[in-house]
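Descriptive structure summary
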Amino acid sequence: MASWWCWGTTSPYAFWAGSELNEADLETRFRSGDTRALARAISLVERRDPSVRALEATLRPKGQAPGVVGFTGAPGTGKSTLVDGVVALLRKRENSVAVLATDPNSPFTGGAILGDRIRMQRHALDPKVFIRSMGARGHLGGLSLATREAIRLLWAFGFDQVVIETVGVGQSELEVAAVADTTVVVLTPNLGDGVQMIKAGILEIADIFVVNKADLDGHARVVTELRSMLSLAPKGNWKPPILATVAARQDGLEDLWEAVLAHRRHLESSGRGRQLAEQRLRDETAEVAAEIARERIRRALADDPALSARLLDTGTPYGTAEEILDRGR
Amino acid sequence: MRPVRIIVAKVGLDGHDRGVKVVARALRDAGYEVIYTGLRQTPEMVVDAALQEDAQVIGLSIHSGAHMTLFPAVVQELKRRKATDIVVFGGGIIPDDDVAALKKQGVEQLFTPGTPLQEIVDWLRKRFPEESR
Ligand code: B12
Ligand SMILES: Nc1nc2c(ncn2[C@@H]2O[C@H](COP(=O)(O)OP(=O)(O)OP(=O)(O)O)[C@@H](O)[C@H]2O)c(=O)[nH]1
Ligand SMILES: [Mg+2]
């Protein structure tokens, strides 16, 4: 079975073997602004390498946290194209930008084709733009389990802005809202069954709606449907704006960014931003704990045939799980 | 385990992307993480992407006849960026004599038309026995 996210199952040697970047240099090179060191640190986080804990302590982010905006929406709605446009706009404003773009891995082989980067090629060679493609590696939620940790690394590296793109969402991939400060939900005119059929949850997580591909027929109808749907939603202090864009032509991006900034001001002034940041740390800790526990239990069952046999015999997953966790390390 | 991450790119002015897409899919199905950068890449772009993506491998696809300049240019750029541990391999329309010459210049392996996809996968598995799955 796929095991690519196991905690440190390969020897560290294999990971660094022959590399011109070695473990001892990582921290120094990271601090000196070396892209490869940042990229390697993200890989360590991705494969849940135990050395990440040390790294996390030494590379504690300082200064102003980057603004994190997340783009989510069905496959092919234009998320990558929008991200590309936002990066261009931010570069014009002299912000440095990091992009974390997620695509799914095959649940059968663990392999993936990570293709979001194709739409962002005009930023290649811009030293103030860092683009990293991440496989979700079996993590449900539309992002990689490593996304949050990667954001902290980008913060420590000194990026002004972070833009994240989720996998094309199906139904329950709502994690982006827990990770980004501002969540942009991208819709298009060719939605098939229309706005009503959008899976529950997606509408609730939106801080901003973008109806992209406004050059296509039916765009006005999507906006109208969305508006009437939102009028039924419970009134919070933030009313998600609905914006039309033609990402392919860079139309509407200035307005989109203004909306993001307005939302950030709202987070700031309402105190909601701080609340979310705290909640995020708590959630992440719980999630990482769950991941560690899961891995420990898998390994215990694999290593202990007697225990495994007893589990099959008694059919008591709860009891067995508690027993394994009670054993401690 | 560390999944092998592979940058796959078409370099130069060359629109033949059928082969590279077939190969990308085969590598995905073999459990590799493939980052496809698309058409018309320069050697600098490819190497920069490999560094940002922390890829161990760069796979180039060339059908334009410019392989004798572009492959070595990528190898040189890796030297310049101090990342010679990144493996360069590839495929496309490359005459046998050129294959031999390119291997001397640091391209580890080349696959020409008609190569069964399994052969490419087998080569990677051998090349990365620890990391491959
Ligand atoms: C289909 C095709 C086209 C299609 C391309 C469609 C597309 N989107 O890919 C079209 C009609 C557009 C086209 C156009 C042209 N073509 Co053309 N084309 C071909 C043809 C018939 C087949 C290529 C193909 O798709 N093969 C199928 C795939 C699966 O095989 P493959 O690409 O070789 O890939 C395999 C290996 O090479 C290797 N591989 C390839 N890439 C990679 C990458 C990695 C990482 C790895 C590990 C392996 C690997 O693995 C694959 C699996 O075995 C070849 C002739 C031939 N028999 O090869 C000519 C050929 C490549 N074309 C040629 C030419 C000259 C052109 C044109 C310049 C013609 C013109 N004058 O207009 C244009 C240029 C277009 C452009 N913008 O670049 C020449 C190239 C000559 C040369 N380099 O010396 C060829 C060889 C024909 C010939 N005998 O003259 N072409
Ligand atoms: N007509 C039209 N097409 C667009 C627009 N924006 C993007 N597209 C096209 O939509 C297709 C998908 O765009 P992407 O940006 O890759 O979409 P995505 O949401 O990132 O896709 P996934 O990552 O695969 O889910 C591409 O062919 C784009 O060129 C637009 O404003 N109008
Ligand atoms: Mg995309």
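Below is a short write-up of the structure.

Cut-offs used in this document
- Residues numbered from 1 in each chain as written.
- Chains lettered and ligands numbered in written order.
- Predicted model: local features only at pLDDT ≥ 70, side-chain atom pairs only at ≥ 80, totals over all residues.
- Heavy atoms only, no water.
- Helix = DSSP H or I, 4+ residues; strand = E, 2+ residues; numbered from the N terminus.
- Buried < 20%, exposed > 50% of the residue type's maximum accessible area, 1.4 Å probe, protein only.
- Contact = heavy atoms within 4.5 Å.
- Areas by Shrake-Rupley, 256 points an atom, 1.4 Å probe, with all protein chains shown as cover.
- Donors = N, O, S within 2.8 Å, 3.2 Å for Na, K, Ca; no water.
- Expected span 1.5 Å × (residues − 1).
- Arc of directions from axis to C-beta.
- Near = heavy atom within 4 Å.
- Polar contact = N/O pair within 3.5 Å; in protein donor to acceptor, adjacent residues only side chain to side chain.
- Nonpolar A, V, L, I, M, F, W, Y, C, P; charged D, E, K, R; others polar.
- Phe/Tyr/Trp six-rings, centres within 6.5 Å; stacked < 30°, edge-to-face > 60°.
- Buried area = accessible area lost by both parts, 1.4 Å probe.
- Salt bridge = Lys/Arg side-chain N within 4 Å of Asp/Glu carboxyl O.
- Pairing = 2+ DSSP bridges.
- Core = buried A, V, L, I, M, F, W, Y, C linked by side-chain atoms within 4.5 Å.
- Domains from an automatic or database assignment.
- Axes fitted to C-alpha atoms, helices over the stretch in contact; angles between N-to-C directions.

1. Details of the overall build of chain A
Along chain A, the regular secondary structure elements total 12 helices and 8 strands. Out of the 329 residues belonging to chain A, those deemed buried represent 51%. Nonlocal contacts in chain A, meaning residues at least 24 apart in sequence, comprise 76% of its contacts between residues at least 6 apart. Taken as a whole, chain A presents about 15,600 Å² of accessible surface, with 54% of it coming from carbon and sulfur.

2. Digging into the coordination of the cobalt atom of ligand 1
Protein coordination of the cobalt atom of ligand 1 is limited to a single donor, B:His16 (NE2), which sits 2.2 Å from the metal. Looking at the secondary structure, you find B:His16 in the loop between strand E1 (5-11) and helix H1 (18-29).

3. Structural notes on H1(B)
Across its 12 residues, H1(B) extends 17 Å between first and last C-alpha, which sits within 8% of the 16 Å expected from 1.5 Å per residue. Within the sequence span of H1(B), burial applies to B:Val20, B:Ala24, B:Ala26 and B:Leu27. Along the axis of H1(B), the buried residues cluster in a sector spanning 165°; they form a single face. Elements in contact with the buried residues of H1(B): strand E3 (112-114) of chain A together with E1, strand E2 (33-41), strand E3 (57-62) and helix H5 (117-127) of chain B.

4. Overview of the site of ligand 2
Residue and element names in this part refer to chain A. In the neighbourhood of ligand 2, 18 residues make up the surrounding shell, with Lys79, Ser80, Thr81, Arg119 and Asp215 lying closest. The side chain of Asp116 places a nitrogen or oxygen atom 3.0 Å from an oxygen atom of ligand 2. The contact in question runs from a nitrogen atom of ligand 2 to an N or O atom on the side chain of Asp215, over 2.9 Å. Against a free-state accessible area of 660 Å², the protein chains account for coverage of 75% of ligand 2. For the shell around ligand 2, the element with the most residues is helix H5 (residues 79-92), which contributes 3 residues. Here the residues of the shell around ligand 2 sort into 5 nonpolar, 7 polar and 6 charged.

5. Examining the coordination of the magnesium ion (ligand 3)
Residue and element names in this part refer to chain A. The coordination sphere of the magnesium ion (ligand 3), as far as protein atoms go, consists of Ser80 (OG), Asp116 (OD) and Glu165 (OE), spread over 2.1 to 2.2 Å. Asp116 sits in the buried class, given a relative accessible area of 9%. With a relative accessible area of 3%, Glu165 lands in the buried category.

6. Side note on the site of ligand 1
All names here are of chain B. Neighbouring ligand 1 are 24 residues, the closest being Gly15, His16, Asp17, His63 and Thr115. A distance of 2.6 Å is found between an oxygen atom of ligand 1 and a side-chain nitrogen or oxygen belonging to His63. A distance of 3.5 Å separates a nitrogen atom of ligand 1 from a polar atom in the backbone of Gly65. Breaking the shell around ligand 1 down by element, the ones donating at least two residues are H1, E3 and strand E4 (87-92). If you tally residues by element for the shell around ligand 1, the top one is E4, at 4 residues. Among the residues forming the shell around ligand 1, the class breakdown is 7 nonpolar, 14 polar and 3 charged.

7. Re the packing of aromatic side chains
Summed over the entire model, instances satisfying the criterion amount to 6 aromatic pairs over all chains. Between A:Phe157 and A:Phe159 the ring centres are 5.7 Å apart and the planes differ by 20°, which places this aromatic pair in the stacked class. Judged by relative accessible area, which is 7%, A:Phe159 ranks as buried. Their ring planes at 75° and their centres at 6.3 Å tell us that B:Phe111 and B:Trp123 sit as a pair that is edge-to-face. Of this pair, B:Phe111 sits in strand E5 (residues 109-111) while B:Trp123 sits in helix H5, placing them 12 residues apart in sequence.

8. So, the interface of chain B and chain A
Interface size is commonly expressed as the accessible area that is lost once the parts come together. Between chain B and chain A, the contact holds 33 residues from the first and 38 residues from the second. Summing both sides of the interface, chain B and chain A together bury roughly 3,100 Å²; the carbon and sulfur share of this comes to 48%. Counting across the chain B and chain A interface gives 4 salt bridges. The closest approach of N and O atoms between A:Arg36 and B:Asp85, which form a salt bridge, is 2.7 Å. There are 17 residue pairs in polar contact (both at pLDDT 80 or more) connecting chain B and chain A. Sorting the residues of the side of chain B that touches chain A by element identifies H1, E2 and helix H2 (43-52) of chain B as the ones contributing at least two each. Where E3(A) and E2(B) come together, 3 bridges link them in parallel fashion. The partner of A:Ala112 across the bridge, within E2(B), is B:Glu33.

9. Description of the nonpolar core
Formed by 43 residues in total, the largest nonpolar core has its most connected members in A:Leu38, A:Ile42, A:Phe130, A:Leu153, A:Leu154, A:Ile164 and A:Phe209. Here this core takes 7 residues from helix H3 (residues 35-46) of chain A, the largest share from any one element. A domain split of this core shows at least three residues from each of domain 1 (6-59) and domain 2 (61-270) of chain A. Those residues in contact with A:Phe209, other than ones at most four positions away along the chain, are A:Val185, A:Leu187, A:Leu203, A:Leu226, A:Leu230, A:Pro240, A:Pro241, A:Ile242 and A:Leu243. Formed by 28 residues, the second largest nonpolar core is a distinct cluster that contains B:Val11, B:Leu51, B:Ile58 and B:Val74.

10. Points about the sheet that holds E2(B)
Taken in spatial order, the 6 strands of this open sheet run E3(A)-E2(B)-E1(B)-E3(B)-E4(B)-E5(B), and their pairing is parallel. Two strands close off the open sheet at either side, each with one partner strand: E3 of chain A together with E5 of chain B. Direction aside, the axes of adjacent strands within the sheet are offset by 25° on average. Here 3 bridges tie E4(B) to E5(B), and the two strands are oriented parallel to one another. Counted as the bridge partner of B:Gly90 is B:Leu110 from E5(B).

Don't take any of this as a statement about function, it's just geometry.
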